[in-house]
Amino acid sequence: MMPVPENKILRTATYVEKGGVGKTTTSAHVAVAAAREHDFDVLLIDLAGKQNDLSTHFGMGGEVEDVDAPISAIFGDDWDFIRDNIPDVVDRMVYNTGEEIDLIPADPGLGGADNNLANIPIEERFSKLDEFITQDLNKRYDFVLLDLPGKEDNIALNGLFAAGNVIAPLKPGAFERNQLENLRADLDDLREEHPIDPELTMVIPTMVKSSTNLSQEFVAEIQKAYPEQAAPVPVSNSQDISKKQNEGCTLFAVPEDELYNTGQRVLEAYRENTTELLNQLTKNHESRRSRKTSPEQ
Ligand SMILES: Nc1ncnc2c1ncn2[C@@H]1O[C@H](COP(=O)(O)OP(=O)(O)OP(=O)(O)O)[C@@H](O)[C@H]1O
Ligand SMILES: [Mg+2]
């Protein structure tokens, strides 16, 4: 058998079992920062597809309404056949966001794909996306970022298996104490219940108001609970975020003098956090590779 070519793609996923904490916003801004500041070839894959989905975030709503090559196809039994028989099927999945990164949008078939995965043997159930990234995206991208559903379904489990690394954004709020404990417990449960082993790579405090004690305490608690994983710079709360999402872009696409101070701080935070994240992902990638290639004792 031919050896599988070495796969150099860095991968991570945004995942928290909680809605509205900033997963989609984080994945979009980290992806654009990696492309702009580090010159990475970046692909975002939207496996969550909620109201604030990534195609809306990048102002591509109409364009992706009726995708002709849906990502949900890779979870089906006939994916190998499709890949081999439909010309350029992977190219046809990918859209240009206009912000230096590519996007594979979510599609309505993901719900059915989640159900179908339940019927296939456990050994194959969670590895479909990993195989897709390894086989079909190799050499095309340096960095693949997955925006996952905020619940433990078979699509999210595929994402966690494929990514191996998790970014968890958390926002201050009424349940913040539980959130911190739940984050660790949820990942522990996943590891126990399924043959996957995602690593918590970065916890990003987000929507942080510099003026409130609640926000400041929240940041301090994250740093205490996750000294290794806490992001270097908390992400401020800024009206610019939803304003620009409605206009269809990230803050990186806006001239900085058109942003509020809070927006400028958000940009700075995503820049710094992305640099640290890429360092960490590179380290994790290397150590996994050396574990794989080191001779058995
Ligand atoms: N730094 C920020 N400042 C202010 N608002 C923000 C910030 N980051 C995200 N938001 C807003 O918070 C809301 C939730 O963000 P987002 O959609 O990214 O969360 P999510 O975790 O992906 O949600 P879901 O679970 O619904 O997928 C959005 O309306 C977004 O515009
Ligand atoms: Mg989302």
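Above: the structure in question.
Here is what the cut-offs are and how they apply
- Residues numbered from 1 in each chain as written.
- Chains lettered and ligands numbered in written order.
- Predicted model: local features only at pLDDT ≥ 70, side-chain atom pairs only at ≥ 80, totals over all residues.
- Heavy atoms only, no water.
- Helix = DSSP H or I, 4+ residues; strand = E, 2+ residues; numbered from the N terminus.
- Contact = heavy atoms within 4.5 Å.
- Areas by Shrake-Rupley, 256 points an atom, 1.4 Å probe, with all protein chains shown as cover.
- Lys, Arg positive; Asp, Glu negative; His and termini not counted.
- Charge placed at Lys NZ, Arg CZ, Asp CG, Glu CD.
- Polar contact = N/O pair within 3.5 Å; in protein donor to acceptor, adjacent residues only side chain to side chain.
- Core = buried A, V, L, I, M, F, W, Y, C linked by side-chain atoms within 4.5 Å.
- Buried < 20%, exposed > 50% of the residue type's maximum accessible area, 1.4 Å probe, protein only.
- Axes fitted to C-alpha atoms, helices over the stretch in contact; angles between N-to-C directions.
- Parallel < 35°, antiparallel > 145°, perpendicular 65-115°, else oblique.
- Nonpolar A, V, L, I, M, F, W, Y, C, P; charged D, E, K, R; others polar.
- Pairing = 2+ DSSP bridges.
- Left-handed = near helix turned anticlockwise from the far one by under 90°.
- Arc of directions from axis to C-beta.

A. Looking closely at the overall build of the chain. Of the regular secondary structure elements, the chain holds twelve helices and seven strands. The principal-axis extent of the C-alpha atoms belonging to the chain is close to 60 × 50 × 35 Å. Counted over contacts in the chain with a minimum sequence separation of 6, partners at least 24 positions apart contribute 79%. Of the accessible surface of the chain, which amounts to about 14,500 Å², a share of 46% is contributed by carbon and sulfur atoms. Side-chain charges of the chain comprise 28 positive and 53 negative groups, with the mean position of each set lying 4 Å from the other.

B. Quick peek at the side chain of Gln-245. If you trace the backbone, Gln-245 turns up in helix α11 (residues 239-247). Engagement of the side chain of Gln-245 in a polar contact is seen with the side chain of His-57, the distance being 3.1 Å.

C. Looking closely at the nonpolar core. One finds Leu-47, Phe-132, Leu-137 and Leu-146 to be the most contacted residues of the largest nonpolar core, which totals 54 residues. Leu-10, Phe-58, Tyr-95 and Met-202 belong to the second largest nonpolar core, which has 38 residues in total.

D. Seen up close, the packing of helix α5 (residues 110-117) against helix α8 (residues 154-163). Axis separation between α5 and α8 bottoms out at 8 Å; the angle between their running directions is 80 degrees. With respect to each other, α5 and α8 are oriented roughly perpendicular. On α8, the residues touching Leu-110, Ala-113, Asp-114 and Leu-117 of α5 are Asn-154, Ile-155 and Asn-158. Broken down by class, the residue content of the contact of α5 with α8 amounts to four nonpolar, two polar and one charged.

E. Structural context of the pairing of strand β2 (residues 42-46). Counting buried positions over the five residues of β2 gives five, a clear majority of the element. Neither face of β2 is left uncovered, since the one carrying Val-42, Leu-44 and Asp-46 and the one carrying Leu-43 and Ile-45 both have all their residues buried. Direction of pairing for β2 relative to strand β5 (residues 143-147): parallel, over a ladder of five bridges. From the neighbouring strand, Leu-44 faces β5, where its bridge partner is Leu-145.

F. Representation of the packing of helix α7 (residues 128-136) against α8. In the contact formed by α7 and α8, the axes pass within 7 Å of each other and the chain directions differ by 45 degrees. As the angle between them shows, α7 and α8 are arranged oblique. Handedness of the α7/α8 crossing: right-handed. Contacts between α7 and α8 involve Lys-128, Leu-129, Asp-130 and Ile-133 from the first element and Asn-158, Gly-159, Phe-161 and Ala-162 from the second.

G. Local environment of α7. Among the residues of α7, Lys-128, Leu-129, Phe-132, Ile-133 and Asp-136 are the ones counted as buried. Looking straight down α7, one finds that the buried residues subtend no more than 135 degrees of arc, so they occupy a single side.

H. Region of interest: the sheet that holds strand β1 (residues 10-14). The strand order β3-β4-β2-β5-β1-β6-β7 describes an open sheet built from seven strands, whose pairing is mixed. With one partner strand each, in any of the chains shown, β3 (95-96) and β7 (199-205) form the two edges of the open sheet. Examined bridge by bridge, β1 and strand β6 (residues 165-170) share two bridges and lie parallel to one another. The residue of β6 that forms the bridge with Thr-14 is Ile-167. Sitting on the sheet, α8 touches β1, β5 and β6, and the angle it makes with β1 is about 145 degrees. With respect to the sheet, helix α10 (residues 213-225) is in contact with β6 and β7, its orientation differing from that of β7 by roughly 160 degrees.

I. Quick peek at α11. Buried within α11 are the following residues: Asp-240, Ile-241, Lys-244 and Gln-245. An end-on view of α11 places all buried positions within 130 degrees of arc, on one side of the element. Seen from the open side of α11, the exposed residues pointing more than 90 degrees away from its buried face are Gln-239, Asn-246 and Glu-247. The residue sitting at the N-terminus of α11 and contributing the capping side-chain oxygen is Ser-238; that oxygen lies 3.1 Å from the backbone nitrogen of Asp-240.

J. Broad picture of the pairing of β6. β6 sits mainly inside the fold: six of its six residues count as buried. The alternating pattern of β6 places Asn-165, Ile-167 and Pro-169 on one face and Val-166, Ala-168 and Leu-170 on the opposite face, and all of these are buried. Looking at chain direction, β6 and β7 are connected through six bridges and run parallel. Following the sheet pairing, Asn-165 is matched in β7 by Glu-199.

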